[in-house]
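# Summary of the model geometry
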Amino acid sequence: MTEGTRRHSVATEAYLIKDERERAEAEARNGLRQFDAARDMIIDAIDKGAKWKLRPSLLLALHREALQGISAYAGNFRPADVAIQGSEHKPLGAHRVPELIEELCDYVNDNWDKTPVHLASYVMWRLNWIHPFSDGNGRTSRMVSYVVLCVKLQLPLPGIKTIPDQIVDNRKPYFDALEAADRAAEHGAYDLSKMEELIEGMLATQLASVMETATGKHFLSHE
């Protein structure tokens, strides 16, 4: 995958907005709403404490926020098979999606004793690997990963340079980490080392932005 290549999938017939400029504006508005919804979910989960579990309904709700008014499939799993442009990974058939999503949630819930970075990395990669939606897989995986990270930390993370925003600003390391994990999975192994390294660095950058805002000083970060 070259630096200019983007991993992307979409069922174009599902678009409710045909004009690309108008669709981009709607995506930007929805992105803000999706982040607000994620923050509410984080606060609610922290209030619930040990009673909270990651459920498929959370994934579907965040996808709905991202694609509402843009796609006919907002908040729904893809109805057909899909290919990822810019990637060698071929997602499994649509009939496997509900089962795979349940397995993803089970992994997080059953391994809650693992580190926040590991769980966030797993969600980031595995949701992309399943590719459960016709469009919006990346947006949803990044936000669900962020929710899991914050809930595990029991903290709505401060900072203006959030991890999802950093990925959007520079996608190549993110794509590289996804591809590395995909290659390991082809051989029946989990190797999230690149994704964990990426999230660790971006977390440092996000927290450094708090210090910069508070002090007016520049701190070394992942960037």
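Residues numbered from 1 in each chain as written. Predicted model: local features only at pLDDT ≥ 70, side-chain atom pairs only at ≥ 80, totals over all residues. Heavy atoms only, no water.

### As for the environment of tyrosine 174
Locating tyrosine 174 in the fold gives a position in helix α7 (residues 172-186). Residue class for tyrosine 174 comes out buried when judged on its relative accessible area of 1%. It is 22 Å that separates the C-alpha atoms of tyrosine 174 and leucine 100, two residues lying 74 residues apart in sequence. (Helix = DSSP H or I, 4+ residues; strand = E, 2+ residues; numbered from the N terminus. Buried < 20%, exposed > 50% of the residue type's maximum accessible area, 1.4 Å probe, protein only.)

### A word on the pattern of salt bridges
For the structure shown, the criterion picks out 6 salt bridges. In this structure, arginine 21 engages glutamate 25 in a salt bridge whose closest nitrogen and oxygen atoms are separated by 2.8 Å. With arginine 21 and glutamate 25 both in helix α1 (residues 20-48) and 4 residues apart, the pair spans about one turn of that helix. In this structure arginine 21 comes out as exposed when scored by relative accessible area, which is 54%. Here glutamate 27 ties to arginine 139 by a salt bridge, and the two come within 3.8 Å at their closest N and O atoms. Placement of the pair is glutamate 27 in helix α1 and arginine 139 in helix α5 (residues 137-153), with a sequence separation of 112 residues. Among the residues examined, glutamate 27 registers a relative accessible area of 27% and is labelled partly exposed. Residue classification places arginine 139 among the partly exposed positions, given a relative accessible area of 21%. (Salt bridge = Lys/Arg side-chain N within 4 Å of Asp/Glu carboxyl O.)

### Notes on the nonpolar core
In this structure, Leu54, Leu58 and Leu62 are the most contacted members of the largest nonpolar core, which totals 51 residues. In terms of residues, this core owes the most to one element, helix α4 (residues 116-130), which gives 10 residues. Look past the residues within four positions of leucine 54 in its chain and what remains in contact with it is Leu59, Leu104, Cys105, Val108, Asn109, Val144 and Val148. One finds Ile17, Ala66, Leu67 and Ile70 within the second-largest nonpolar core, a separate group that totals 7 residues. (Core = buried A, V, L, I, M, F, W, Y, C linked by side-chain atoms within 4.5 Å. Contact = heavy atoms within 4.5 Å.)

### Quick notes on the UniProt feature "domain: Fido" (unreviewed entry) in the chain
Listed under "domain: Fido" (unreviewed entry) in the UniProt record, and renumbered for this structure, are residues 54-201. Along residues 54-201 one finds 60% helix and 0% strand; the C-alpha atoms at either end are 25 Å apart. (UniProt positions renumbered as here; feature names shortened; annotations may be inferred.)

### Side note on the packing of aromatic side chains
Applying the stated criterion across every chain, the model contains 10 aromatic pairs. Look at phenylalanine 35 and tyrosine 146: their rings are 6.0 Å apart centre to centre, the planes differ by 35 degrees, and that puts the pair in the tilted class. Here tyrosine 146 lies in helix α5 and phenylalanine 35 lies in helix α1, a separation of 111 residues in the sequence. For tyrosine 146, a relative accessible area of 2% corresponds to the buried category. A centroid spacing of 6.3 Å and a plane angle of 50 degrees characterise the contact between tryptophan 125 and tryptophan 129, whose relative ring orientation is tilted. Taken as a pair, tryptophan 125 and tryptophan 129 lie in helix α4 at a separation of 4 residues, close to a single helical turn. What makes tryptophan 125 buried here is its relative accessible area of 1%. Grouping aromatic residues by their ring pairs yields a cluster made of Tyr107, Tyr122, Trp125, Trp129 and Tyr190. Lying across the ring of tyrosine 15, arginine 23 places its NZ or CZ 3.8 Å from the centre. (Phe/Tyr/Trp six-rings, centres within 6.5 Å; stacked < 30°, edge-to-face > 60°. Lys NZ or Arg CZ within 6 Å of the ring centre and 35° of its normal.)

### Remarks on helix α2 (residues 56-67)
Relative to the 16 Å expected for 12 residues at 1.5 Å per residue, α2 spans 17 Å between its end C-alpha atoms, a close match to the ideal helical length. Within α2, the full set of buried residues consists of Leu58, Leu59, Leu60, Ala61, Leu62, His63, Ala66 and Leu67. Each element contacted by the buried residues of α2 is listed here: α1, α3 (97-110), α4 and α5. (Expected span 1.5 Å × (residues − 1).)

### Overview of a negative patch on the surface
On the surface, a cluster of negative charge is made up of Glu102, Glu103, Asp106 and Asp110. By secondary structure assignment, the location of glutamate 103 is in helix α3. (Patch = residues over 30% accessible without salt bridge, like charges linked within 9 Å, V, L, I, M, F, W, Y side chains within 5 Å. Areas by Shrake-Rupley, 256 points an atom, 1.4 Å probe, with all protein chains shown as cover. Lys, Arg positive; Asp, Glu negative; His and termini not counted. Charge placed at Lys NZ, Arg CZ, Asp CG, Glu CD.)

### Considerations on the UniProt feature "binding site: ATP" (unreviewed entry) in the chain
Those residues carrying the UniProt feature "binding site: ATP" (unreviewed entry) are Asp135, Gly136, Asn137, Gly138, Arg139, Thr140, Ser141 and Arg142 in this numbering. Within the annotated group just given, the residues that line the largest cavity are Arg142. Among all residues touching threonine 140, those that are not within four sequence positions of it are Gln34, Leu59, His63, Leu127 and Phe133. Residue placement: arginine 142 occurs in helix α5. With sequence-adjacent residues up to four places away left out, arginine 142 is seen in contact with Met124, Pro164, Ile167, Val168, Arg171 and Tyr174. (1 Å grid on protein atoms, 1.4 Å probe; cavity = no way out; pocket = protein on both sides within 12 Å on 5 of 7 lines; lining within 4 Å.)

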